[in-house]
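# Reading the structure
Given next are the chains, with one letter for each unit.
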Amino acid sequence: MMVSSAMKVSSSVAMVSLDICTRCSFDGRVGCWIGNEEGKWNKLAARRSTKAPNIRRLRISPLASSALAETRGSSRAKFYKEVQKDAREKFTQEISFQSKDKDISLAKALLYVASEDEAFMAFNREIDAYSLQNERRSASLLSDTPDWKCVEAMPLAGKNMSDWMAELDSIAREVEAELVPRDIGCDLAEVLDAVNVVLFKSRGFKRSSVIVDSKCSYLHSVLSSGYCSAILLSVIYIEVCRRLNLTMVGSRIGEDFLIWPQTGNPEELFKVTSGHSLFGIVNGKCVNDPRSKASDIDSDSLSGLEIATNRDIIGIALANLVRLHWKRASRANHGLMLTSPLRSVDNSDEKFKKADASSVPLLRPQDLRLAIMASQRLLILQPHNWALRRDHGMMLYYSREYEEAVQELSICMAFAPEEEAEVLEAFVEKLHLLRVESSWKSLGRKGRLTVT
């Protein structure tokens, strides 16, 4: 093994650095070499001596420290890689098309999403810490792998997955406690009002129409801070009501996602009492905003809306993550769109005739990777959506993963409308050149490839 070889070399260097010609031993508890200056170190001599031996404690050499740090650092990084893989597999199982949609847990699926992203960022921190340690040649060693062993036990803002699921149970119990003094049985309006009291007054949840912070896009962060996107607030509402044996359904209307209790009498949802309708109590101010399409919904149009499945709701949350991380990744390139390079695919465009990787804008790598990860999950849900696959391929292009981008965009061409496929075909040809040029430069060759 390379690591074992490095350790052997490092240990030899460490021995020489001690400049002691006597027998030495390694004390793994304190991370330093211990030697006896008299050259008679053994258990028997230690017992016979009336005077404690003169022990010299020396720091481990930087090279030996680096090898040990690499072993532990790579172990932690590998651990977080495994957690990422586990989280993705568990997410895929949760939303599997072999399962009935009603059996999918919105909360659990979105917590797996958060776990994978947190593990990815933890992996990056481990790599950064190891690199910094190498630069400084520090003797301090990285800590061991975390004491939790599975993705369900991974701490998210101080709580594991079971704790966050229990948090939703706790909210439902608070709603039940709110209903006790009202003594109203199963009155639908009172139940929804009690849910609102707990969520917005007791818990202080706030709906954000503009998503600029990742904290409002991950379920555990929302439950912790109360600051959330509209879709995640709907998820919490649906999960809490499900625990109260009240079924909520929803549909996307323009930029809004609206929810309402499942009922055979939609007219009762729009009956105004004390200045508010049930539909308004659940969905907030957007139903009264003339600028929102939600204000046009009434009992007649409600029945014609397409009800979102649990997979649809998870997809909306993932699409929000893609947009959020793309905006953060491209912050330094104001106005850059995923499809911007496709506009340049024109034979008369001299600027694009040169296939040069240096023309690809530099984006923030961690945010770009998080956007790609969200897009990958979205494609698991909607594998035949050509627009999603196109956007995924373009993100791979910006990440300079040209071979993968060619593969995704080629698949996309099979599903895209004819005019879109023609544009993609021309762009894929140029991606082939970028891929060849990348391989060319990796071999130390110079020069630029051009389209003829």
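Owing to the predicted nature of the structure, the values given are computational and were not obtained by experimental measurement.

Here the focus is helix H14 (residues 386-398). With 13 residues, H14 ought to run about 18 Å at 1.5 Å a step, and its terminal C-alpha atoms sit 18 Å apart, in line with that. For H14, the tally of buried residues reaches 11 of 13 residues, placing the bulk of the element in the interior. Listed in full, the buried residues belonging to H14 are Leu388, Arg389, Arg390, Asp391, His392, Gly393, Met394, Met395, Leu396, Tyr397 and Tyr398. Capping the start of H14 is the job of one residue whose side-chain oxygen sits 3.2 Å from the backbone nitrogen of alanine 387: asparagine 385. One or two residues past the end of H14 sits arginine 400, with phi positive at roughly 65°.

Next up on the list: the pattern of salt bridges. Counting across every chain of the model gives 20 salt bridges. The partner of glutamate 152 in a salt bridge is lysine 90, with the nearest N and O atoms 2.9 Å apart. Remark: lysine 90 occurs in helix H3 (residues 62-94) and glutamate 152 occurs in the loop between helix H4 (106-136) and helix H5 (161-179); sequence separation between them is 62 residues. Its relative accessible area of 23% is what places glutamate 152 among the partly exposed residues. Assessed through its relative accessible area of 22%, lysine 90 is described here as partly exposed. Notably, a salt bridge pairs glutamate 167 with arginine 203, separated by 2.5 Å at the nearest N-O pair. Taken together, the positions of glutamate 167 in helix H5 and arginine 203 in the loop between helix H6 (188-202) and strand S4 (206-208) put the pair 36 residues apart, joining distant regions of the chain. In this structure glutamate 167 comes out as buried when scored by relative accessible area, which is 14%. What makes arginine 203 partly exposed here is its relative accessible area of 24%.

Positive phi is not limited to glycine here, since alanine 157 has a value of about 55°. Tracing the backbone shows alanine 157 in the loop between H4 and H5. Look at alanine 157 and you get exposed, because its relative accessible area is 57%. At asparagine 245, a position not held by glycine, the phi torsion is positive, near 60°. Owing to a relative accessible area of 74%, asparagine 245 belongs among the exposed residues under this scheme.

With that settled, consider the confidence of the model for the chain. In this model, the chain carries a mean pLDDT of 79, and residues with pLDDT of at least 70 account for 73%. Low pLDDT (under 50) marks residues 1-71, which in the prediction has 78 contacts with non-local residues, meaning those over four places away or in another chain. Note that residues 347-353 has pLDDT below 50 and, in this model, 7 contacts with residues that lie over four places away or in other chains.

Looking now at the side chain of serine 115. By secondary structure assignment, the location of serine 115 is in helix H4. With residues near it in sequence (within four places) discarded, serine 115 still touches Ala87, Val151, Met154, Leu156 and Met161.

A word on the packing of H5 against helix H8 (residues 230-243). Where H5 meets H8, the axes come as close as 9 Å, and the angle between the chain directions of the two elements is 65°. Read as a crossing pair, H5 and H8 show a hand that is right-handed. Contacts between H5 and H8 involve Met165, Leu168, Asp169, Ile171, Ala172 and Val175 from the first element and Ile236, Glu239, Val240 and Arg243 from the second. For the contact of H5 with H8, the residue count by class is 7 nonpolar, no polar and 3 charged.

Turning our attention to the packing of aromatic side chains. Tallying each qualifying case throughout the model produces 7 aromatic pairs. Here tyrosine 397 and phenylalanine 427 contribute two aromatic rings whose centre-to-centre distance is 5.2 Å and whose plane-to-plane angle is 80°, an arrangement assigned as edge-to-face. Highlighted residues: tyrosine 397 in helix H14 and phenylalanine 427 in helix H16 (residues 418-442), separated in sequence by 30 residues. A connected cluster of aromatic rings, assembled from ring pairs, spans Trp326, Tyr397, Tyr398, Tyr402 and Phe427. The positively charged end of lysine 81 is found above the aromatic ring belonging to phenylalanine 123, 4.8 Å away from the centroid. One Lys or Arg, lysine 159, reaches over the ring of tryptophan 164 and ends 4.8 Å from the middle of that ring.

In this section: the packing of H6 against H8. The contact between H6 and H8 brings their axes to 11 Å, and the two run at 125°. Relative to H8, the element H6 is oriented oblique. The element H6 and its partner H8 pack so that their crossing is right-handed. Across from Leu192, Val195, Asn196, Leu199 and Phe200 in H6, the residues of H8 making contact are Leu233, Ile236, Tyr237 and Cys241. Its residues assigned to classes, the contact of H6 with H8 comprises 8 nonpolar, 1 polar and no charged.

Criteria and thresholds
- Residues numbered from 1 in each chain as written.
- Predicted model: local features only at pLDDT ≥ 70, side-chain atom pairs only at ≥ 80, totals over all residues.
- Heavy atoms only, no water.
- Helix = DSSP H or I, 4+ residues; strand = E, 2+ residues; numbered from the N terminus.
- Expected span 1.5 Å × (residues − 1).
- Buried < 20%, exposed > 50% of the residue type's maximum accessible area, 1.4 Å probe, protein only.
- Polar contact = N/O pair within 3.5 Å; in protein donor to acceptor, adjacent residues only side chain to side chain.
- Salt bridge = Lys/Arg side-chain N within 4 Å of Asp/Glu carboxyl O.
- pLDDT = per-residue confidence, 0-100.
- Contact = heavy atoms within 4.5 Å.
- Axes fitted to C-alpha atoms, helices over the stretch in contact; angles between N-to-C directions.
- Left-handed = near helix turned anticlockwise from the far one by under 90°.
- Nonpolar A, V, L, I, M, F, W, Y, C, P; charged D, E, K, R; others polar.
- Phe/Tyr/Trp six-rings, centres within 6.5 Å; stacked < 30°, edge-to-face > 60°.
- Lys NZ or Arg CZ within 6 Å of the ring centre and 35° of its normal.
- Parallel < 35°, antiparallel > 145°, perpendicular 65-115°, else oblique.

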